[in-house]
Each structure stands twice: as C-alpha cells, then as structure tokens.
Amino acid sequence: MTSSPSLLRFVEEKLARLDDCRLRRRLRPLERGPGMRVRAGDRILVDFCSNDYLGLTQDERVKRAAIAAVERFGTGVGASRLVTGDTPLHAELERRLADLKGAEAAMVFGSGYLANIGIVPALVSEGDLLLIDELAHACLYGGARLSGATVKVFRHNDVADAERILKEERARHRHALLLTDGVFSMDGDLAPVPDLMRLTRAFDAWLLTDDAHGLGVLGGGGGTGRHWGVSPDIQMGTLSKALGSYGGYVCGDRALIDLLISRARSFVYATGLPPSAVGATIAALDVIASEPDRCERPQVLARGFARSLDLPLPESPIVPIILGDPDSSLDASAALEREGFLVTAIRPPTVPEGTARLRVTFTATHEASDVESLAGHIAHLGLGLRRRPC
Ligand SMILES: Cc1ncc(COP(=O)(O)O)c(C=O)c1O
C-alpha cells in the first residue's frame, strides 16, 4: 500500500524540520543485561539513563515470577478486565499496592500513561478546574486535555502561584483537581506535597500525585507519600520503573477505585495487564519489602556523584546536567558513549526550550567504581557547569 502523496509530503516536511533543529528521535535496539550493562552493536556500555532504579528488570526472582505467571495464566488475558481479562493475580497485586501505599484500594492499568489519561477525565470535566504544575509529566497534560476541564498551569513547585489561581478561579468551578509529579521526571526534584495537601484542603480541591519516580526509591521504597508522611487523595504511579515490570496503578479510597473501574476509559476499553507483568510486579514488591538497602542505594550513589562534581544535592536518583541546546546535549551524550557510558540526551519538548540536558540516573546495581568513572569523564569534558548555589 502506498500512502497518499499529500500525507507523504506532510510527513517528509515535518521530519526535515525536526532534522534541522536536531529534534528528530530515532530508535536504537539495545540488549540489556545485569549490572546496568547494555550491548549496543558490538559495544558494552554502562547505562546511566534508565529508570530501572532497583535493577529489578534483570533480577532472577522477578524473572522467575513472570515465567511462573505465564505458565499458570498464559501470555495475555484476552480482554478487558471487565470482560474475561481478570485473574486472581491482578487482585493480589492490587491488594499489595494498596498496602504499600497505605490506601484502602488500588487498581492497575495497562501503563502509567494510560492511568493518567483515564483517571483525570473520569474525575473532572467541563465546568471543573484543573491545576497542573508546569513541569508535570506529559501524560498528566494528556489527561488534562482529554477531560474538557478548565486547565490552569502553575509555576513549578510554586504553592503561592497555585493558591493565587485557586483564589481567582475556584468559586467559578464545580470541582477542582491539582495534578503534580511527586518526583519530577526530568529534574529529580520533589513536589512540596504536604503544602499542596494543605492548599487543596483549604479550597476543597483534590490532589493527585504521580509517583512514577518515587515508588521503590523514596520513603524506604513506599514512595512520595511515605517520604512526606501524607496520603494524597489520588496516588498514581507506574510498575515500569523501580518495579522493573510494566503497567500503571492508582491507589485511593475504595469508592474512588470503584468509580474508576466503571469510568476510566483507558481501563474499561483496554485489555488487562498481562500475567507476566503482574507476576513480576508482585515479586518486585517482595524485594522492596525485604531489601531496604536496595531502595536507599540509588540515592546514595546520586548524592556521591553530585558531590564529586559540585552539583546541587539531588533529592532523588535523578541528576540533571542542563546544557541548553539540543546540539550540546547530543554532543555530550556522544562523547560519553565513546568512553563507554549510555546517557541519552533529553531534548524539547520533553524538557522546556533552552534546557536540553543529560539526565543521569542511578540504580541499586551500579558499581561505585562506575559512578566514579562517569563523574571523572563528565568533569574532564567540562559538563558539570551548574554549580551549587553559594
Ligand atoms: C512522571 C511519569 N508519569 C507517568 C509516566 C508513564 O508511565 P508508563 O511508562 O508506565 O506509561 C512516566 C514515564 O515515563 C513518568 O515519568
């Protein structure tokens, strides 16, 4: 089949523009192995940019659990959970997630992205108000757009700015929902969740935190809520980062979860999570419960790395090195790769214009010597420019 000429023209022009700005993205098959080693063609690189914070994608216990789940339940569930796609394993995982988050109930989605674009429109719509942190993840913005609610963006982590918007807008809207990452994915900083809880309570607004980068690494593994000692109304996250599996989840009150089971379109109209992902996640939760040191290590390594380069001390295992334009970031990434490190360049629109960067992430299975060596090469290349404030 040949595409229509106008479609091809449109696509080729778009690609040419992306090439001009060095914003075109390309796939690159890699073979991941233990110890954060990846095979790229004929080279082995040390991966310093994945979100596999606990190294559980390669853990034998987690792999065995995935295989056992496939043997018992098959490779897929064949339908939406609400049709014939539910298994006892799904319910067990949901109980475990709710317990870990100190919530009454939980439900799992096909991915974190699907969770956010399902949850938000199920809770707010036209006539309601959505507040969203300017640096919130793309899928929170996706959910906000789909909802039809009035969307107001507040300055990053600026509770006073969110309060200003609530003062101006709250009375004109039926319900209000505030959306924020718990740990910001590209900067690694934390949202001021207790302050946001106080603010939302004061204005009868609801708070949703996206804990994709907090679970498994903050609060002894319990994530953002445990770190701060609070329980936001709606706690969502992913099974695909520290848990080393695939899927998304949300935790909250039983009634909230019951509503989402009926109304979150990306849950109702999508096939249930495959047994392999569910089994792997349950085994990963066992590891988190039994190995607190593993949950601490990514952040310990991140702090050591930042100290050695005189960078601001990170609050999570994510350390951004902001270089500005896409060219500098691609060049820096290529230079590190020549030295044996995989640190993919992050460019707009994933990050704001002018803040292209290397996003360095640390995991429980990195060796201290890998971290020292990376820091040495970054210093040698003169990349650690963002100094700690005096
Ligand atoms: C903050 C945040 N939320 C949600 C997601 C989406 O999760 P998933 O990869 O499971 O779709 C991501 C992942 O990239 C993320 O960083």
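This text follows the structure it describes.
Owing to the predicted nature of the structure, the values given are computational and were not obtained by experimental measurement. Per-chain numbering applies: the sequence of each chain, read as written, is numbered from 1 onward. Residue-level local features of this predicted model are given only where pLDDT is at least 70; pairs of side-chain atoms are given and counted only at 80 or more, and the full residue set underlies all totals for whole chains, interfaces and linings. Each side-chain value is worked out from all heavy atoms of the structure, with water and hydrogens disregarded.

1. Remarks on the nonpolar core
Selection rule: Here, nonpolar core means buried Ala, Val, Leu, Ile, Met, Phe, Trp, Tyr and Cys residues that are tied together by side-chain atoms lying within 4.5 Å of each other. Per-residue accessibility, obtained with a 1.4 Å probe over protein chains only, is compared with the maximum for each type, and a residue is labelled buried under 20%, exposed over 50%, and partly exposed between these values. For the purposes of this entry, the term helix denotes a DSSP run of H or I that reaches at least four residues, the term strand denotes a run of E that reaches at least two, and both are numbered from the N terminus. Start and end points for every domain follow an automatic or database-based domain assignment. The contact rule is simple, with two residues in contact once any of their heavy atoms fall within 4.5 Å.
Grouped together as the largest cluster of nonpolar side chains are 37 residues, with contacts concentrated most on Leu54, Leu93, Leu97, Val108, Leu239, Leu243 and Tyr249. When contributions to this core are tallied by element, the ones reaching two or more residues are helix 2 (60–73), helix 3 (88–101), strand 4 (105–109), strand 10 (248–252) and helix 11 (275–290). It is helix 11 that provides the largest number of residues to this core, a total of nine residues. When residues of this core are assigned to domains, at least three fall in each of domain 1 (25–57 + 292–380) and domain 2 (60–289). Once residues lying within four places of it in the same chain are set aside, the contact partners of Val108 are Arg81, His90, Leu93, Glu94, Leu97, Leu239, Gly248, Tyr249, Phe267 and Leu273. In terms of nonpolar packing, the next biggest core, distinct from the first, is built from 28 residues, Ala115, Leu123, Ala149 and Ile234 among them.

2. Some points on empty space enclosed by the protein
Rule in force here: Note on definitions: the grid is 1 Å and covers protein atoms alone; a cavity is a set of points where a 1.4 Å probe fits but cannot get out; a pocket is an open set with protein on both sides within 12 Å along at least five of seven lines; lining residues have an atom within 4 Å of a point. Grid points are joined across faces, edges and corners, and a volume is the space filled by probe spheres set on the points. Polar here means any residue other than Ala, Val, Leu, Ile, Met, Phe, Trp, Tyr, Cys and Pro, which are nonpolar, and Asp, Glu, Lys and Arg, which are charged; Gly is therefore polar.
Using the criterion set out here, one finds one cavity of 30 Å³ or more in the structure. Looking at the largest cavity, its volume works out to about 60 Å³. Elements supplying a minimum of two residues to the lining of the largest cavity: strand 4 and helix 10 (265–268). Residues of the lining of the largest cavity, tallied by class, amount to five nonpolar, four polar and one charged.

3. A word on the packing of helix 4 (residues 112–123) against helix 9 (residues 254–263)
The condition is simple: Note on method: axes are straight lines fitted to C-alpha atoms, helices fitted across the in-contact stretch only, with angles between N-to-C directions ranging 0 to 180 degrees. For classification, angles of less than 35 degrees are called roughly parallel, those exceeding 145 degrees roughly antiparallel, those between 65 and 115 degrees roughly perpendicular, and all remaining angles oblique.
Helix 9 packs onto helix 4 with a crossing angle of 105 degrees between their chain directions and a minimal axis gap of 10 Å. Accordingly, the angle class assigned to the pair helix 4 and helix 9 is roughly perpendicular. In this structure, helix 4 uses Ile119, Ala122 and Leu123 to contact helix 9, whose residues at the interface are Leu256, Leu259, Leu260 and Arg263. Broken down by class, the residue content of the contact of helix 4 with helix 9 amounts to six nonpolar, no polar and one charged.

4. Here we look at the site of the ligand
What counts here: A single heavy atom is enough: if one lies within 4 Å of a molecule or strand, its residue is considered near that molecule or strand. Pairs of N or O atoms are called polar contacts if they sit within 3.5 Å, as long as, within protein, a hydrogen donor faces a hydrogen acceptor (for residues adjacent in sequence, only side-chain-to-side-chain pairs). The accessible surface values rely on the Shrake-Rupley method and a 1.4 Å probe; as for residues, cover is taken only from the protein chains in view. Criterion for pocket placement: a molecule counts as inside a cavity or pocket if more than half of its atoms are within 2 Å of its grid points.
Around the ligand sit 14 residues, and of these Gly112, Asp210, His213, Thr238 and Lys241 come closest. Within the backbone of Gly112, one N or O atom sits 2.8 Å away from an oxygen atom of the ligand. Asp210 is positioned with one of its side-chain polar atoms (N or O) 2.6 Å from a nitrogen atom of the ligand. In the complex, 85% of the free accessible area of the ligand, which totals 390 Å², lies under the protein chains. Of all the cavities here, the one that holds the ligand is the largest pocket. Taken together, the residues of the shell around the ligand break down into three nonpolar, eight polar and three charged.

5. What to know about helix 3
Under the convention used in this document: Take the residue count of a helix, subtract one, and multiply by 1.5 Å to get its expected span.
For helix 3, with 14 residues, the first-to-last C-alpha span of 20 Å sits near the 20 Å given by 1.5 Å per residue. Every buried residue of helix 3 is listed here: Leu89, His90, Leu93, Glu94, Leu97, Ala98, Leu100 and Lys101. Summarising the contacts, the buried residues of helix 3 are in contact with helix 2, strand 4, helix 8 (224–228), strand 9 (234–238), strand 10 and helix 11. Remark: Gly102 follows helix 3 within two positions and exhibits a positive phi of approximately 65 degrees.

6. Things to note about the pattern of salt bridges
Put simply, the test is: Salt bridge criterion: a side-chain nitrogen from Lys or Arg within 4 Å of a carboxyl oxygen from Asp or Glu.
Counted by the stated rule, this structure contains 29 salt bridges. The residue Glu337 makes a salt bridge to Arg28 at a minimum N-O spacing of 2.5 Å. Residue Glu337 is found in helix 13 (residues 326–338), and its partner Arg28 is found in the loop between helix 1 (5–20) and strand 1 (31–32); the two are separated by 309 residues along the sequence. By relative accessible area, which is 19% here, Glu337 ends up buried.

7. Considering the sheet that holds strand 11 (residues 318–324)
Our working rule: A pair of strands is treated as paired once DSSP finds two or more bridges between them.
If you trace the three strands from one edge of the open sheet to the other, you get 11-14-13, paired in antiparallel fashion. The strands lining the two open edges of the sheet, one partner per strand, are strand 11 and strand 13 (345–346). As defined by bridge partners, strand 11 adjoins strand 14 (residues 356–361) across six bridges and the pair is classed as antiparallel. Bridge pairing links Ile322 to Arg357 in strand 14.

8. Brief notes about the layout of surface pockets
For the largest pocket, the calculated volume is near 1500 Å³. Taken together, 44 residues line the largest pocket, and the ones lying closest to its centre are Arg26, Cys49, Thr344, Ala345 and Ile346. Breaking the lining of the largest pocket down by element, the ones donating at least two residues are helix 4, strand 9, helix 13 and strand 13. Looking at the lining of the largest pocket element by element, the count peaks at four residues for helix 13. By residue class, the composition of the lining of the largest pocket is 16 nonpolar, 13 polar and 15 charged. Summarising the domain contributions, the lining of the largest pocket has at least three residues from each of domain 1 (25–57 + 292–380) and domain 2 (60–289).

9. Side note on the pairing of strand 2 (residues 37–40)
With burial as the criterion, only one face of strand 2 is covered, namely that bearing Val38 and Ala40; the residues Arg37 and Arg39 on the opposite face remain uncovered. As judged from the two bridges shared by strand 1 and strand 2, these two strands associate in the antiparallel manner. What sits directly across from Arg32, in strand 2, is Val38. The antiparallel pairing of strand 1 with strand 2 creates a hairpin that spans four residues between the two strands, and Gly35 there sits at a positive phi of about 70 degrees. Of the strand pairs in this sheet, strand 2 and strand 3 (residues 43–47) are connected by four bridges, and their pairing is antiparallel. By the bridge assignment, Arg37 is partnered in strand 3 with Val46. The turn joining strand 2 and strand 3, which pair antiparallel and follow one another in sequence, is formed by two residues; a positive phi near 65 degrees is taken by Gly41.

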